Structure formats: structure tokens, C-alpha cells
Amino acid sequence: MGMNVGSESTTEDEGIVDINTTPLIDVMLVLLIMLIITIPLQTQAVSIDLPQGNPPPSTEETPVVTLVVDFDNSLTWNGQPINGEADLQAHLREIASGPEASRPEFHLQPNRLADYKTVIHVMADAQRLGVTKLGIVGQEQFVDGKI
């Protein structure tokens, strides 16, 4: 029986070439335990009342009122010229009255050459008088290349 106590060479000892797998096994065991703990949480169901399908389409067509602000800042209400501020406010009060569901949509169609001040004045009057369904239409004239 023999025992090898030292190395035959006088140089430094050779390092251990094997990899230490103990930390790797510890990390894998921790991950396995976390996985085992979280799996039951993922399988629990939460009951939520979701809507079923699409709502039926509305049978009533909403009336549309169009106000055009022309290049010279003249106003036309559904093709009829508006003569002044009082006339505009009377038309806006008319569409703002009544129940919310039956109010017509108010489409504002400004010309690209119209003054900003005139368009904003109409929008401010509409808001102040209670118009809630307001849309600005005709924006295709403002696309790049047409200005």
C-alpha cells in the first residue's frame, strides 16, 4: 500500500479541475420549490362578468347638423346662411335642448383659409350653450402637401 504525499515536480500544485456543482444544485432546488408553490396559484379561476357578444345596432339614425365656415368666414347652417351671432346662438340652443339621446350631432366643417378666431368662436359658443356631440369634419384638406 502506497500513498502519494507530494508531487514529483517542484512546481506549484495543480488545481482541482472538477467543477463544484453544489451551488448549481442549490439554485435548481430553490427554483423547483418556487415552481411547485406558484403552480396552484396559476390554476385558480377568477370569475368576471364579461359582456356577451356585440350590442345590437341602433335602429334610430342620429340627425346631423353641419355648420360650414367658409374661406371668407361666412357661416352656413345646413346650406342656409347665418346672418349674425344671435342667429348662430339660436341654432346652437335648438340642438342643445332636449334629452341627450335625441340631440343631433353637430359637425363643424371649417375651410382651411378660414380664420382660426372664427372657428374657435363657434366651438366656444357650442360648448357654452351645451352642445355635447361635436365633430370637426373635412380634415382631408389639411393633409401634408395640400397646404
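Details of the structure are given in the entry above.
Computed from a predicted model, the values in this text were never measured in an experiment.

Procedures and definitions
- Residues numbered from 1 in each chain as written.
- Predicted model: local features only at pLDDT ≥ 70, side-chain atom pairs only at ≥ 80, totals over all residues.
- Heavy atoms only, no water.
- Helix = DSSP H or I, 4+ residues; strand = E, 2+ residues; numbered from the N terminus.
- Buried < 20%, exposed > 50% of the residue type's maximum accessible area, 1.4 Å probe, protein only.
- Contact = heavy atoms within 4.5 Å.
- Phe/Tyr/Trp six-rings, centres within 6.5 Å; stacked < 30°, edge-to-face > 60°.
- Pairing = 2+ DSSP bridges.
- Salt bridge = Lys/Arg side-chain N within 4 Å of Asp/Glu carboxyl O.

**Q** Help me understand the environment of Ala126 in this model?
**A** Following the sequence through the fold, Ala126 ends up in helix α3 (residues 116-129). On the accessibility criterion, Ala126 (1% relative accessible area) is buried. Along the primary structure Ala126 and Gln89 are separated by 37 residues, whereas in three dimensions their C-alpha atoms are 8.0 Å apart. What Ala126 contacts, discounting residues up to four positions off in sequence, is Leu92, Phe106 and Val131.

**Q** Would you mind going over unusual backbone geometry with me for this structure?
**A** Positioned with a positive phi, Asn73 is a non-glycine residue whose angle comes to about 65 degrees. Assignment of secondary structure puts Asn73 in the loop between β1 (64-69) and β2 (75-77). With a relative accessible area of 24%, Asn73 lands in the partly exposed category. Here Asn78, not a glycine, exhibits a phi torsion of approximately 50 degrees, which is positive. The class for Asn78 is partly exposed, based on a relative accessible area of 43%.

**Q** What's the story with the packing of aromatic side chains in this structure? I'm lost.
**A** Each pair of aromatic rings is reported with the distance of its centres and the angle of its planes. Per the counting criterion, the structure on display carries 1 aromatic pair. A ring pair is formed by Trp77 and Phe106, whose centres lie 5.7 Å apart and whose planes are at 25 degrees; its orientation type is stacked. Residue Trp77 is found in strand β2, and its partner Phe106 is found in strand β4 (residues 105-110); the two are separated by 29 residues along the sequence. The class for Trp77 is buried, based on a relative accessible area of 8%.

**Q** Can you walk me through the pairing of β1 in this structure?
**A** Two faces belong to every sheet, and in a regular strand the side chains alternate between them. Of the two faces of β1, the one holding Val65, Leu67 and Val69 is buried and the one holding Val64, Thr66 and Val68 is not buried anywhere. Where β1 and β4 come together, 6 bridges link them in parallel fashion. Bridge pairing links Leu67 to Leu108 in β4. The pairing of β1 with β2 spans 3 bridges and is antiparallel. Within β2, the residue paired with Val68 across the bridge is Thr76. Between the antiparallel neighbours β1 and β2 lie 5 residues, among them Asn73 with a positive phi of about 65 degrees.

**Q** Mind showing me how you'd approach the pattern of salt bridges here?
**A** One side chain can pair with another of opposite charge once the charged atoms of both are near each other. Scanning the model with the defined rule gives 2 salt bridges in all. Between Arg128 and Asp125 there is a salt bridge; the shortest N-O distance is 2.9 Å. You can see Arg128 and its partner Asp125 sitting in helix α3, 3 residues apart, about one turn around the helix. Taking relative accessible area as the criterion, Arg128 reaches 51% and is therefore assigned exposed.

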